[in-house]
Amino acid sequence: KYNDNKWVRFNEKGIVSIENDGTKWIGNNYNFVEYSSPILYKSLNDEDFDLGHIATSGLPVTYASTNSGVATIVDGKVHIVGLGSTTIETNQVGNAEFKPLPTFRQTLIVKEPNVIEIDSITVKTFGDPDFLPVGTTSSGLPIIYKSYDSTIATIVNEKIHIMGVGICNIYANQKGNEIYGVAKTVRKTLMVIKADQTINFGNLSPKTFCDPNFSLT
């Protein structure tokens with residue numbers, strides 16, 4: 001309950017409206033903010049990032065970290081310092097027209113870096129057997145591959161299976177675990193060329209002039 005008979009409505013982005021007797025206000029003299037997931041996952045080597053919180057009043061928001069050993073706020077962005085978790089608080093104090101914004105809190109969890117390294121994929125020929133690109137992760141966790149064009153290649157039993165001729169992107173992903181963060185997606189190009197054709201037939205037996213027509217086998 002926000003005030004008197006006004007009720008606050010929530011969705012996955014936080015407070016989005018206030019309703020009273022069936023009437024809905026978006027903004028008005030109230031100050032709202034939209035934000036993403038209540039839990040953020042980052043890796044230790046990630047760059048400073050902007051949470052992108054926007055107050056519907058148009059007034060700037062400020063951030064604070066409850067654990068400076070994990071993250072601090074530098075020039076309005078979240079700066080990762082170490083492993084662990086912290087709460088990032090978003091505030092907006094309002095002004096003469098807009099009421100103060102209640103503090104919004106998001107949990108930031110910082111994990112060990114998880115980096116994918118993939119060698120370039122050599123040119124393949126239609127009909128080649130399924131293959132696994134040469135790649136590793138700094139976490140040691142397995143790489144998950146995805147093909148952008150299933151008419152050229154699909155993933156079968158975690159390997160790349162050639163379906164046709166052409167060029168398509170292969171994406172390498174690693175979702176991390178309780179220790180390692182999500183790795184940045186790596187993209188590699190797969191080129192599949194046409195297979196050579198051969199014609200095989202047996203030796204011809206001796207023939208005599210005026211022999212009937214015959215088929216080659």
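Residues numbered from 1 in each chain as written. Predicted model: local features only at pLDDT ≥ 70, side-chain atom pairs only at ≥ 80, totals over all residues. Heavy atoms only, no water.

Turning to the overall build of the protein, a few remarks are in order. For the protein, the count of helices and strands is zero helices and 19 strands. Classification of the 217 residues of the protein by burial places 32% in the buried group. Only carbon and sulfur atoms are counted for the fraction: they give 52% of the accessible area of the protein, which is about 14,100 Å². (Helix = DSSP H or I, 4+ residues; strand = E, 2+ residues; numbered from the N terminus. Buried < 20%, exposed > 50% of the residue type's maximum accessible area, 1.4 Å probe, protein only. Areas by Shrake-Rupley, 256 points an atom, 1.4 Å probe, with all protein chains shown as cover.)

The biggest cluster of nonpolar side chains holds 17 residues, and the ones touching the most others in it are Ile116, Ile118, Ile170, Ala172 and Leu190. Put simply, the parts of the chain that give this core at least two residues each are β12 (116–118), β17 (159–162), β18 (166–173) and β19 (186–193). Setting aside residues no more than four positions away along its own chain, Ile170 makes contact with Ile121, Tyr145, Lys146, Ser147, Ile160, Val186, Arg187, Lys188 and Leu190. Phe49, Tyr63, Ala71 and Ile88 belong to the second largest nonpolar core, which has 13 residues in total. (Core = buried A, V, L, I, M, F, W, Y, C linked by side-chain atoms within 4.5 Å. Contact = heavy atoms within 4.5 Å.)

Right, let's get into the sheet that holds strand β11 (residues 101–111). An order of β5-β11-β10-β7 is seen for the four strands of this open sheet, with the pairing classed as mixed. The open sheet is flanked by β5 (39–43) and β7 (62–65), the only strands paired with a single partner. Between one strand axis and the next, the sheet turns through 30° on average, direction left out of account. (Pairing = 2+ DSSP bridges. Axes fitted to C-alpha atoms, helices over the stretch in contact; angles between N-to-C directions.)

What follows concerns the sheet that holds β19. Within the open sheet, the four strands sit side by side as β13-β19-β18-β15. Their pairing is mixed. Looking at the sheet topology across the chains shown, the edges are occupied by β13 (124–125) and β15 (144–147). The sheet contact formed by β18 and β19 spans seven bridges and is antiparallel. Within β19, the position partnered with Gly166 by the bridge is Val192.

On inspection of all chains with the given rule, the structure shows zero aromatic pairs. Taking NZ or CZ as reference, Lys42 lies 4.4 Å from the ring centre of Phe49, over its face. Of note, Lys207 hangs over the ring of Phe214, and the distance from its end group to the ring centre comes to 4.4 Å. (Phe/Tyr/Trp six-rings, centres within 6.5 Å; stacked < 30°, edge-to-face > 60°. Lys NZ or Arg CZ within 6 Å of the ring centre and 35° of its normal.)

This brings us to the layout of surface pockets. Of the pockets and cavities examined, the largest pocket occupies roughly 210 Å³. Lining the largest pocket we find Tyr41, Lys42, Ser43, Asn45, Asp46, Asn114, Val115, Ile116, Val182, Ala183, Lys184 and Val186. Tallying contributions element by element places β5 first for the lining of the largest pocket, with three residues. (1 Å grid on protein atoms, 1.4 Å probe; cavity = no way out; pocket = protein on both sides within 12 Å on 5 of 7 lines; lining within 4 Å. Points joined across faces, edges and corners; volume = space filled by probe spheres on them.)

The next subject is the pattern of salt bridges. What the rule picks out here adds up to one salt bridge. For Glu89, the salt bridge goes to Arg105, with nearest N and O atoms at 3.3 Å. With Glu89 in strand β10 (residues 84–92) and Arg105 in strand β11, the pair connects residues that are 16 residues apart, well separated along the chain. (Salt bridge = Lys/Arg side-chain N within 4 Å of Asp/Glu carboxyl O.)

Right, let's talk about the side chain of Lys111 for a bit. Of note, Lys111 is situated in strand β11. The buried charged residue Lys111 lacks any salt bridge, with Glu178 as its nearest oppositely charged partner at 6.6 Å. Within the local environment of Lys111, its side chain forms a polar contact with the backbone oxygen of Asn177, the two atoms lying 2.5 Å apart. Beyond its immediate sequence surroundings of up to four residues, Lys111 is in contact with Tyr41, Lys42, Ser43, Leu44, Leu83, Asn177, Glu178, Ile179, Tyr180 and Gly181. (Lys, Arg positive; Asp, Glu negative; His and termini not counted. Polar contact = N/O pair within 3.5 Å; in protein donor to acceptor, adjacent residues only side chain to side chain.)

Turning to its location among the elements, Gly202 is positioned in the segment after β19. In this structure Gly202 comes out as partly exposed when scored by relative accessible area, which is 39%.

Turning to the side chain of Thr137, a few remarks are in order. Within the fold, Thr137 resides in strand β14 (residues 135–137). Look at Thr137 and you get buried, because its relative accessible area is 12%. Setting aside anything within four residues of it in sequence, one finds Thr137 in contact with Asn114, Val115, Ile116, Ile143 and Gln174.

Let's shift gears to a nonpolar patch on the surface. Together, Val123, Ile167, Met191 and Ile193 make up a nonpolar patch on the protein surface, roughly 340 Å² of accessible area in all. Here Met191 is to be found in strand β19. Taking the relative accessible area as the measure of exposure, Met191 reaches 35% and is therefore partly exposed. (Patch = residues over 30% accessible without salt bridge, like charges linked within 9 Å, V, L, I, M, F, W, Y side chains within 5 Å.)

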